[in-house]
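Examination of the molecular architecture
Spelled out from the first residue to the last, the chains are:
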Amino acid sequence: MLRINDTIETMRGEHLLAEMSLLPQWRRQAALCYNHESGRRESTMAFRLLQDMTGLRDIEFSVGEHGKPWIKGIPDIHFNLSHCKFAVACVVDSVPVGVDIERVGRYSPRLAEYTLSPEEWHYIHYASSDTSVPRPYEETDLLFTVLWTKKESLLKLIGTGITDNLRHVLDEYDGQVLFNTVMDKECRYVCTEAHFL
């Protein structure tokens, strides 16, 4: 089950402190390590989603080989968290899951060159096989963000984090993973969750 909270910007000052008071001590300390209120807010509200979705308050994490967290003492609950400037996302299931949420930002040709396969690069730049008709910039931004969230949610699903195989990771798992992508109506963010088929 995926949940997104896209009203986190309203959590400021006293409201944010009240939400932080509901966190376990270790997570509150982690949230306070952020220099800016926005980072504290994102960290706090992502964890609050996890608490609400699991019904657990005093959650402790253990960490897998590549840094993927799991709830200590409860191996049957699989979860993943993600946050960006506009929203936080949490997915909870009885099987491994991954989620990534990103704000739709400016497309970066250098990042695309490093992370996209030739087919993906063509897809975000041209609406068809006709390379004389480029996509509008705003579509390129959105499509790149969709591909990025798919790749990151997949990597979080398999528990490896970002690897050197970003260009072809979707091809490598083609037919093995189901993606659910949600786009904000105002194009502020894109969220993708990943599950094995």
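No experiment lies behind these values; they were computed from the predicted model shown.

Parameters at a glance
- Along each chain, residue indices are assigned from 1 in the same order as the chain's sequence is written.
- Note on the predicted model: pLDDT of at least 70 is required for a residue's local features to be given, and 80 or more for side-chain atom pairs to be given and counted; whole-chain, interface and lining totals, by contrast, use all residues.
- Side-chain metrics in this entry use all non-hydrogen atoms of the structure; hydrogen atoms and water are not considered.
- We define a salt bridge as a side-chain nitrogen of Lys or Arg found within 4 Å of a carboxyl oxygen belonging to Asp or Glu.
- Here the term buried applies to any residue with accessible area under 20% of the maximum for its type, exposed to any over 50%, and partly exposed to those in between, with areas from a 1.4 Å probe on protein chains only.
- Lining residues are those with an atom within 4 Å of a point, where the points come from a 1 Å grid over the protein atoms alone and group into cavities, where a 1.4 Å probe fits but cannot get out, or pockets, open sets with protein on both sides within 12 Å along at least five of seven lines.
- Grid points are joined across faces, edges and corners, and a volume is the space filled by probe spheres set on the points.
- Per the convention used, a helix needs a DSSP run of H or I reaching at least four residues, while a strand needs a run of E reaching at least two, with both numbered from the N terminus.
- When residue character is reported, Ala, Val, Leu, Ile, Met, Phe, Trp, Tyr, Cys and Pro are called nonpolar, Asp, Glu, Lys and Arg charged, and the others, Gly included, polar.
- Axis angles are defined between N-to-C directions and span 0 to 180 degrees, where every axis is a line fitted to C-alpha atoms and, for a helix, only to the segment in contact.
- In this scheme, roughly parallel covers angles under 35 degrees and roughly antiparallel covers those over 145, while 65 to 115 is roughly perpendicular and the rest are oblique.
- Note on convention: near helix rotated counterclockwise from far helix by under a right angle means a left-handed crossing. Clockwise means right-handed.
- Every residue pair with non-hydrogen atoms within 4.5 Å of one another is taken to be in contact.

Within the structure shown, the criterion is met by eleven salt bridges. Its salt-bridge partner being R188, residue D184 comes within 3.0 Å of it at the nearest N-O pair. Of the residues examined, D184 reaches a relative accessible area of 11% and is grouped as buried. With its nearest N and O atoms 3.7 Å apart, the salt bridge here joins R188 to E186. E186 sits in the exposed class, given a relative accessible area of 60%. Because the salt bridges share partners, they merge into one network encompassing D6, E9, D184, E186 and R188.

Let us now look at the layout of surface pockets. If a probe the size of a water molecule is rolled over the atoms, the empty space left behind becomes visible. In this structure, the largest pocket occupies an estimated 180 Å³ of space. With five residues, the top contributor of residues to the lining of the largest pocket is strand 4 (residues 78–83). Among the residues making up the lining of the largest pocket, the classes are represented as five nonpolar, three polar and two charged.

This brings us to the packing of helix 1 (residues 13–20) against helix 3 (residues 37–54). Contact pair helix 1 / helix 3: the axes reach a minimum separation of 10 Å and the direction vectors enclose 40°. By the angle between their axes, helix 1 is oblique relative to helix 3. In this structure, the crossing between helix 1 and helix 3 has a hand that is left-handed. In contact with G13, L16, E19 and M20 of helix 1, helix 3 contributes E37, R40, R41, T44, M45 and R48.

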